[in-house]
Amino acid sequence: MSRSRSPGQVVLRRALGGRRRLVLAGSVLRAGHQAGEAAVPVLIGLAVDQGVVAGDLGALLRWLAVLAVVYLVLSFSYRFGARASDRAMEEIAHTLRAEVVGRVLHPGGGAESGRLPGALAGIATEDARRVGALANAIPGAAATFTGLLAGAAVLLWISVPLGLVVLAGAPALLWLGHLLSRPLERRSATEQDRAARASGVAADLVAGLRVLKGIGAERAALDRYRATSRDSLAATMRAARAEALQNGVVLALTGCLIAVVGLSGGRLAAGGRISLGDLISAVGLALFLIGPLQSLARVNTAFAQARASATRIAEVLAAPPAVTPGAARLPRDLRGGLSLRAVGHAGLRGIDLEVAPGELLGVAATDPADALALLRCLDRRADPETGTVELDGVSLRDLDPGDLRSTVLVAAHDADLFEGTLLGNVGAVAEQDADLGRVMAAAGADEVARALPYGQETAVAERGRSLSGGQRQRVALARALAADRPVLVVHDPTTAVDTVTEARIAAGIRELRRGRTTIMVTTSPALLTVADRVVLLDGGRIVETGPHTELARRNETYRSAVLT
Amino acid sequence: MTRDRGREPETAPPEGALPTASPARTRALVWELLRPRRGLATAGFSVMVGATAFGLLPQPLLGHIVDLVAEGRPATELTGPAVLLVLVALLQGGATALGLTLVSRLGETMLAALRERFVERALLLPQERVERAGSGDLTARVTGDVSRVAESVRNALPELARSLLAIVLTLGAMALLDWRFLVAALLAVPVQAHTARWYVRNAVPLYARQRVAAGAIQQRLLDTIGGAETVRAFRMEEEHAGRVANASRAAIELTMRGVRLVVGFYSRLHIAEYIGLAAVLFAGFLLVQDGSASIGTATAAALYFHSLFGPINNALVLLDDAQSALAGLARLAGVATLPPEPGTEPEAGREPGPEPRTVTVTDAGHAYEVGRPVLRGVDLVLRPGEQVALVGASGAGKSTLARIVAGVQRPSSGTVRLPAARPGARRAVVLVTQESHVFAGPLAEDLRLARPEADEEELCSALALVGALEWARALPAGLDTVVGEAGHRLTAAQVQQLALARLVLADPEVAVLDEATAEAGSAGARALERAAARAAEGRTALVVAHRLTQAATADRIVVMEDGRVAESGTHEELLAVGGRYAALWEAWSDTRATAE
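Residues numbered from 1 in each chain as written. Chains lettered and ligands numbered in written order. Predicted model: local features only at pLDDT ≥ 70, side-chain atom pairs only at ≥ 80, totals over all residues.

Visitor: Describe in detail the overall build of chain A, supporting the description with residues and values.
Guide: Across its full length, chain A holds 18 helices and twelve strands. Computed over the C-alpha atoms, the radius of gyration of chain A is 35 Å, more than 25% above the 24 Å expected from 2.2 N^0.38 for a compact globule of 564 residues. Taken along the three principal axes of its C-alpha coordinates, chain A extends 115 × 65 × 45 Å. Taking all 564 residues of chain A together, the buried fraction comes to 54%. (Helix = DSSP H or I, 4+ residues; strand = E, 2+ residues; numbered from the N terminus. Rg over C-alpha atoms; globule rule 2.2 N^0.38 Å. Buried ≥ 20, exposed ≤ 12 C-beta atoms within 10 Å, placed from the backbone.)

Visitor: So what's going on with the interface of chain B and chain A? Residues and values would help.
Guide: Accessible area lost upon the coming together of the parts is a frequently used measure of interface size. Every contact between the two is made by 132 residues of chain B and, on the other side, 133 residues of chain A. Here the element with the most residues in the side of chain B that touches chain A is helix 4 (residues 79-124) of chain B; it accounts for 25 residues. (Contact = placed C-beta atoms within 7 Å.)

Visitor: A description of the environment of B:Pro340 should follow, citing residues and the corresponding values.
Guide: Residue and element names in this part refer to chain B. Tracing the backbone through its elements, the reader meets Pro-340 in the loop between helix 11 (295-336) and strand 1 (359-369). Taking the number of C-beta atoms within 10 Å as the measure of exposure, Pro-340 has 12 and is therefore exposed. Taking the C-alpha atoms as reference, Pro-340 lies 7.4 Å from Arg-121; in sequence the two are 219 residues apart.

Visitor: An account of the environment of B:Arg556 is requested, with residue identities and associated values reported.
Guide: Residues and elements named next belong to chain B. Looking at the secondary structure, you find Arg-556 in strand 10 (residues 556-561). Accessibility expressed as a C-beta count within 10 Å gives 18 for Arg-556, which makes it partly exposed. Taking the C-alpha atoms as reference points, Arg-556 and Ser-568, twelve residues apart in sequence, are found 7.0 Å from one another. Arg-556 has contacts with Glu-386, Val-388, Ser-568, Gly-569 and Thr-570, leaving out every residue within four places of it along the chain.

Visitor: Pulling in residues and values, what's your account of the pairing of strand 11 (residues 533-538) of chain A?
Guide: Residue and element names in this part refer to chain A. Pairing of strand 3 (residues 360-365) with strand 11 involves five bridges; the strand directions are parallel. Looking at the pairing, Ala-365 lines up with Leu-537 of strand 11. The pairing of strand 11 with strand 12 (residues 541-546) spans five bridges and is classified as antiparallel. Residue pairing for strand 12: Val-535 is matched across the bridge by Thr-545. In this antiparallel pair of consecutive strands, strand 11 and strand 12, the connection spans two residues, and Gly-539 shows a positive phi of 60°. (Pairing = 2+ DSSP bridges.)

Visitor: Can you lay out the packing of helix 4 (residues 117-158) of chain A against helix 8 (residues 189-226) of chain B for me, pointing to particular residues and giving the numbers?
Guide: One can describe the packing of helix 4 of chain A onto helix 8 of chain B by two numbers: an axis separation of 9 Å at closest approach and a directional angle of 130°. Taken together, the axis directions place helix 4 of chain A and helix 8 of chain B in an arrangement best described as oblique. Crossing geometry of helix 4 of chain A relative to helix 8 of chain B is assigned as right-handed. Between helix 4 of chain A and helix 8 of chain B, the residues in contact are A:Pro117, A:Leu120, A:Ala121, A:Ala124 and A:Thr125 and B:Ile217, B:Gln218, B:Leu221, B:Leu222, B:Ile225 and B:Gly226, respectively. Within the contact of helix 4 of chain A with helix 8 of chain B, the residues separate by chemical class into eight nonpolar, three polar and no charged. (Axes fitted to C-alpha atoms, helices over the stretch in contact; angles between N-to-C directions. Parallel < 35°, antiparallel > 145°, perpendicular 65-115°, else oblique. Left-handed = near helix turned anticlockwise from the far one by under 90°. Nonpolar A, V, L, I, M, F, W, Y, C, P; charged D, E, K, R; others polar.)

Visitor: Explain the sheet that holds strand 3 (residues 387-391) of chain B to me, using residue names and the numbers behind them.
Guide: All names here are of chain B. Read from one edge to the other, the open sheet built from six strands follows the order 5-8-9-3-10-11, with strand pairing classed as mixed. Two strands in the sheet have a free side with no partner beyond their single neighbour: strand 5 (429-433) and strand 11 (564-569). Direction aside, neighbouring strands of the sheet carry axes that sit 15° apart on average. Taken together, the five bridges between strand 10 and strand 11 define a ladder with antiparallel strand orientation.

Visitor: Explain unusual backbone geometry residue by residue, including any values.
Guide: Residue and element names in this part refer to chain A. The backbone of Ala-346 sits at a positive phi, close to 50°, despite the residue not being glycine. Inspection of the secondary structure assignment puts Ala-346 in the loop between strand 1 (338-345) and strand 2 (348-355). Of the residues examined, Ala-346 has 16 C-beta atoms within 10 Å and is grouped as partly exposed. Of note, Asp-484 is a non-glycine position whose phi angle comes to about 55°, a positive value. Relative to the helices and strands, Asp-484 is located in the loop between helix 14 (469-483) and strand 9 (487-491).

Visitor: Residue-level account of the sheet that holds strand 3 of chain A, with values.
Guide: Residue and element names in this part refer to chain A. Taken in spatial order, the six strands make up an open sheet running 6-9-10-3-11-12, and their pairing is mixed. Each edge of the sheet is formed by a strand with only one pairing partner; in this case those strands are strand 6 (408-411) and strand 12. Neighbour to neighbour, the strand axes of the sheet diverge by 15° on average, direction disregarded. Bridge count for strand 9 against strand 10 (residues 517-521) is five bridges, and the pairing is parallel. Counted as the bridge partner of His-491 is Val-521 from strand 10. Docked against the sheet, helix 14 engages strand 6 and strand 9, running at close to 175° with respect to strand 6.

Visitor: Describe the environment of B:Ala95, and please don't skip the residues or the numbers.
Guide: Residues and elements named next belong to chain B. By secondary structure assignment, the location of Ala-95 is in helix 4. Of the residues examined, Ala-95 has 22 C-beta atoms within 10 Å and is grouped as buried. Separated by 40 residues in sequence, Ala-95 and Gly-55 place their C-alpha atoms 10.0 Å apart. Other than its neighbours up to four places away in sequence, Ala-95 contacts Val-47, Gly-50, Ala-51 and Phe-54.

Visitor: Describe the nonpolar core, and please don't skip the residues or the numbers.
Guide: One finds B:Val280 and B:Leu390 to be the most contacted residues of the largest nonpolar core, which totals 240 residues. Discounting chain neighbours no more than four positions away, the residues touching B:Leu390 are B:Lys398, B:Leu401, B:Ala402, B:Leu542, B:Val543, B:Val544, B:Ala545, B:Val558 and B:Met560. One finds A:Leu22, A:Ile351, A:Leu409 and A:Ala442 within the second-largest nonpolar core, a separate group that totals 126 residues. (Core = buried A, V, L, I, M, F, W, Y, C linked by C-beta atoms within 7 Å.)

Visitor: Which residues make up the packing of helix 7 (residues 218-270) of chain A against helix 3 (residues 58-70) of chain B, and what values go with them?
Guide: Put simply, helix 7 of chain A and helix 3 of chain B touch, their axes get as near as 9 Å, and they point 10° apart. As far as their axial angle goes, helix 3 of chain B and helix 7 of chain A are roughly parallel. For the pair formed by helix 7 of chain A and helix 3 of chain B, the contact residues are A:Gly255, A:Ile258, A:Gly262, A:Gly266, A:Ala269 and A:Ala270 on the first element and B:Pro58, B:Leu62, B:Ile65 and B:Val69 on the second. In the contact of helix 7 of chain A with helix 3 of chain B, the residues fall into seven nonpolar, three polar and no charged.

From the geometry alone we can't say anything about function, so treat these as descriptive.
This is the structure we're talking about:
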């Protein structure tokens, strides 16, 4: 009995259904407002007819009193109707935003594949807002229809022929206007895209200001900006001309409709078929009806936009996860031994590797892509195509990826820092009583803090981009060490750090991770020296195992990967 | 009403911040932009006045129809005014189209001139000035403020002008019908004026907070979504979802406050509408009673007043947009009217050295903040063709010295003498840092920033020299592939190769390379080092070296410690001395001792 709906429609209905009371209240109240607005020109006509024309002060005052009541009603319904529908709109956007973020952060992953962060952020803000806007558009549509129906009813009541003239004329003129301006609209949209480009280029040049200054390209950049700016100007003026023309067409057509109503109403009044007041009301209503008819077109656009946005949101929410959770639990007293059996993933082929609990292992890969593939398998961002990875004898496939990561931390080479202080970043996932000072020192982050204006309380901005590469790396490493996971895998943690500090960090990692399983995936000799054992990954296979000094002596591939 | 209240007085900006122009200076700038376009401005304004005036004719014509009916004239006489109504509609439509075209041409050309001036000043600002202010400020102005001003030039300004004209002319027309209609209509003004003042007073600070809150959501979202891998790795999912939810919740509450404000605003305007309408109807009654106005005139007056609702509501709302655009304009004018500082032009203010092609730094000291010197009494001479490596711990002052030699930072004390640029080259010294940027657009255009006249062959040979030609050719559209934001994404190593290719194209006498290989990861670093060496070949070069193998091959090594030059000499000399460099080398080669 339930027809199959597209995922976008499901999102749309669920979002609106969750706020149905607010949407309903908004619709009723705003319909009341529109009915009131429609009554105003009618009441003006009645006041003129029965008060001014008849010279009856009592009648005039009576109609003015009625007008006051109508104003009161329309004002209050507008006030509370707008509040209800705006509240619904914001709440829906908020709920959808939370759902999108929740899906992106889900341990199973997969939502980001094929989507840039900026695009996902756009879906969580702009698309969520457009779907929410429907909660505003529906009451708007209700109000519009009420206005149209009320206006039509009054007109038909005044005079059937006159009502028919207006009711046929107004939509016909709007349709004509739409036909005339459609090519203009199309042109205007493409022109506006070009017009927006100037601001994009300017922002890009400012973002690259240091690079421009470094190569002395300020003048060249400026010439380029001028050319873009002129191009944008030309496009904008074409768009503005099209828009102005559209405006003029609508105005002229509206004026023609008024002329028709004036003439036919006047003839009816002259023939005594309607009163003067009816004529005035009819002219006022004809003017009034243009408004609701125009917003009808806007409601349509809002629906189309909301549908498209809901589809985009549904796609994110339904993105297939990269890995699926298993039901197994890790043993309570974890030893932290990893074993890889015949693992094949991306470039990796048949990797067999035992990492003993508490071992400090170095992994040197000749191909950075192989290193990345290995890292992805270790914290289940991906499952290997063949073979298994086990932690203390439990296959990772049988674990929930979130639970696994509470035990195994893979600290990426380009890990992001977050909004907050330097210390706040380091301590974000540390135990309450952790000795952060010791961790900072081990990662060389204490030196970073000393070089900053407010020390470890310095704010980190733009995902750590306010720090230099070397500073960021050390803070990220400190955070990874502070998390104090039973198994830690670090990837190239010191590429932007000077040699002396690097040696200190290597010693720090060894000291701090004593007795806990740690893997360093790197080609830095300073780090590999402190490892208990190093495996060399070449051509997707493990080709050698041994201490750094030994490998460096006997293996040419290792020497060229690590020491040149 | 409440315009031009100077809500952004020239408060003392935080130290180093970019200036905001005073209202007087903003006005002067607008006038300066307007003056060459006086003719256009006059024409546009006149046509708009005409269009609005045509818009006022239908009401008396309709009133005339009412009068003809009231006088019991034959229906055929109604055709005249009806034809006139059509004519007026066509004239009004035509004049409006023309007037809007002229007004937007005026606004858009002024806007283009303003943004070009702004970008010119912004690009020529000394680097240190931008850094003191934070580049975020400049970015915010060039995106947020420019688009806010543009938005209002495009939409608010013509609409505001139209509404104000309609209000003024309609009130005038009512006065023409009978001055007493005007008096009646004006009864609504005190309520409207009070409402507008109340609204602006509350809305302006609220909207400022809303913008901040909207920015915070965006920031949090990018923070969290951009760092999703890290969030998951560290199991911070809940914390981050909570952060986003809090930011979103805060923004919602501010939005709802704004909504309550706006609906309150309209509610009060409804009161004003009623007062005015009742007064005009009542005035019509009295005037028709004593015979000084016809029924048609009273009808026209009521219709006039009813038609004022739209423009008045429009104008009052647009005032708010205009206020925010004025604030943006002041921030643009603040930069656009900065006098070009001495030293703003690249290469200016530094004396050419006595010996051609030699860089001489004498007794240079520098402090970014008073009391925290990062460089003290540095003397350094780079002889023609010499390759010098700069070595030292993080924070020793290497980057600052590199920036001073490159001329993007003026030292607090001491002098720098640079060689003149080679004929055909733009700059004598080029700096390549780890901070890289890919300019949005075709790859070839990015490269041509360094040498605008370069042909395809020159671009290719520069790319080939730094080992980038192969991948560049393999891009979807080769050198015409759009790169940068929203374009094809390049790897960190490719971005650095691109920076080196720009260096080759700029072809400077002196090259300064600061950690240009740091971001690539250790495997990529070696390839980049080779590319950097080739790019620096045949030039005087100062290289900030991380990996000591890079330093060991230099003609000379300068070791920095605590902002001073601690040692200087060749690799062998410094090892023989057994000082700081020797210790560094030992630490370095310890890890690779087994290699020998």
